[in-house]
Structures are given as structure tokens and as C-alpha cells.
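# Geometric and topological summary
Here is what each chain is made of, one letter per residue.
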Amino acid sequence: MKNFRKLLTVFLIYCFLAVGTAYLSYYVTVKNLEENAEAVTVSGFTPDGYSEKGEKQFFVCLDGNKLSIYECENGNKRYIYSERISTSALPKNDIELLETGVVLKSKAELTEFIENFVS
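This report concerns the structure included in the present document.

Conventions used here
- Residues numbered from 1 in each chain as written.
- Predicted model: local features only at pLDDT ≥ 70, side-chain atom pairs only at ≥ 80, totals over all residues.
- Heavy atoms only, no water.
- Buried < 20%, exposed > 50% of the residue type's maximum accessible area, 1.4 Å probe, protein only.
- Helix = DSSP H or I, 4+ residues; strand = E, 2+ residues; numbered from the N terminus.
- Pairing = 2+ DSSP bridges.
- Core = buried A, V, L, I, M, F, W, Y, C linked by side-chain atoms within 4.5 Å.
- Contact = heavy atoms within 4.5 Å.
- Phe/Tyr/Trp six-rings, centres within 6.5 Å; stacked < 30°, edge-to-face > 60°.

Before going further, it helps to spend a moment on the pairing of strand β3 (residues 66-73). Taken residue by residue, a regular strand's side chains alternate between the two faces of the sheet. The buried count for β3 comes to 6 of 8 residues, which makes it a mostly enclosed element. Strand direction decides the pairing type here: strand β2 (residues 57-63) and β3, joined by 7 bridges, are antiparallel. In the strand pairing of β3, Q57 is matched with C72. The loop that links β2 with its antiparallel partner β3 comprises 2 residues; one of these, G64, has a positive phi angle of about 75 degrees. Summarising the sheet, β3 and strand β4 (residues 76-84) pair through 8 bridges and their orientation is antiparallel. Bridge pairing in β4 links K66 to R84. Where β3 folds back on β4, the antiparallel hairpin that results is connected by 2 residues, among which N74 adopts a positive phi of roughly 55 degrees.

Written out as C-alpha cells, the structure reads:
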């Protein structure tokens, strides 16, 4: 019976530590995103394909060696996150396209687009 209690106590401690670590990771990530996610009013932001109808779209542009992803809605863009990429392997026309920026109309398009450059 003592071994069972000891085993149960150790198990509960590990569970508590796992849940605490998961919560701490989530909290730190959310705080980091909140610090970087300031809404910006975009004046003159009308690349090809951009719609101001209240539809959510995504804007991806090259910022050094990372792709910065923004969510666009009602003439505002809000930073979401960045993905590091290797620009040395990219053709010049891809780099120019990314420096100009690309508008994507759905999360599926965004995911596919990011996978093409990250993988």
C-alpha cells in the first residue's frame, strides 16, 4: 500500500509539472504575440487582389530572412507571426515578389504558400 501511495504521489507531481509547463509555454507565447501584434492602419495599402469588403485576407512579405505574415481586414493589417526562410536558395523573381508582398485570400492559401518557402 505504501508503494502505491508513493507511486501515485510521484505520478501526480509529474502531471502537475507537465500541466504547469504547458500553461507557462502557452502564456509566454501569447504574451509574445500580443507584444508584436499591434494593429496598424494601412493607408494606401492596395496591392493586387486586396479587398476592403470586410473579408479577412493575409499579407505576406519578406523582412530580412523571414516572411512576416499579417492579417488584413477593413483596411487594417495586424502582425500575426514570422517564419524564417533561406533566401539564398530563392530565385531573384521570388525574392522580388516577396519584397513587394503577396495577398492571400484564405488560411488554406496562406498555409500552402508558407509551406512552399519554409520546406
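Core analysis: the biggest nonpolar cluster contains 14 residues, and V60, L67, L98 and F113 have the highest contact counts within it. Counting residues per element, this core draws most heavily on helix α3 (residues 107-118), at 4 residues. The contact partners of L67, leaving out residues within four places of it in the chain, are V60, C61, L62, Y81, S82, E83, I85, L98, I114 and F117.

We now examine the packing of aromatic side chains. We describe a pair of aromatic rings using the distance from one ring centre to the other and the angle between the two ring planes. On inspection of all chains with the given rule, the structure shows 2 aromatic pairs. With a centroid separation of 6.4 Å and an interplanar angle of 45 degrees, the aromatic rings of F59 and Y70 are classed as tilted. Taken together, the residues span a long stretch of sequence, with F59 in strand β2 and Y70 in strand β3 at a distance of 11 residues. You can call F59 buried: its relative accessible area is 6%. Note on Y70 and Y79: the rings are 5.8 Å apart at their centroids and 75 degrees apart in plane angle, and the pair reads as edge-to-face. Accessibility expressed as a relative area gives 17% for Y70, which makes it buried. Classification of Y79 as buried rests on a relative accessible area of 17%.

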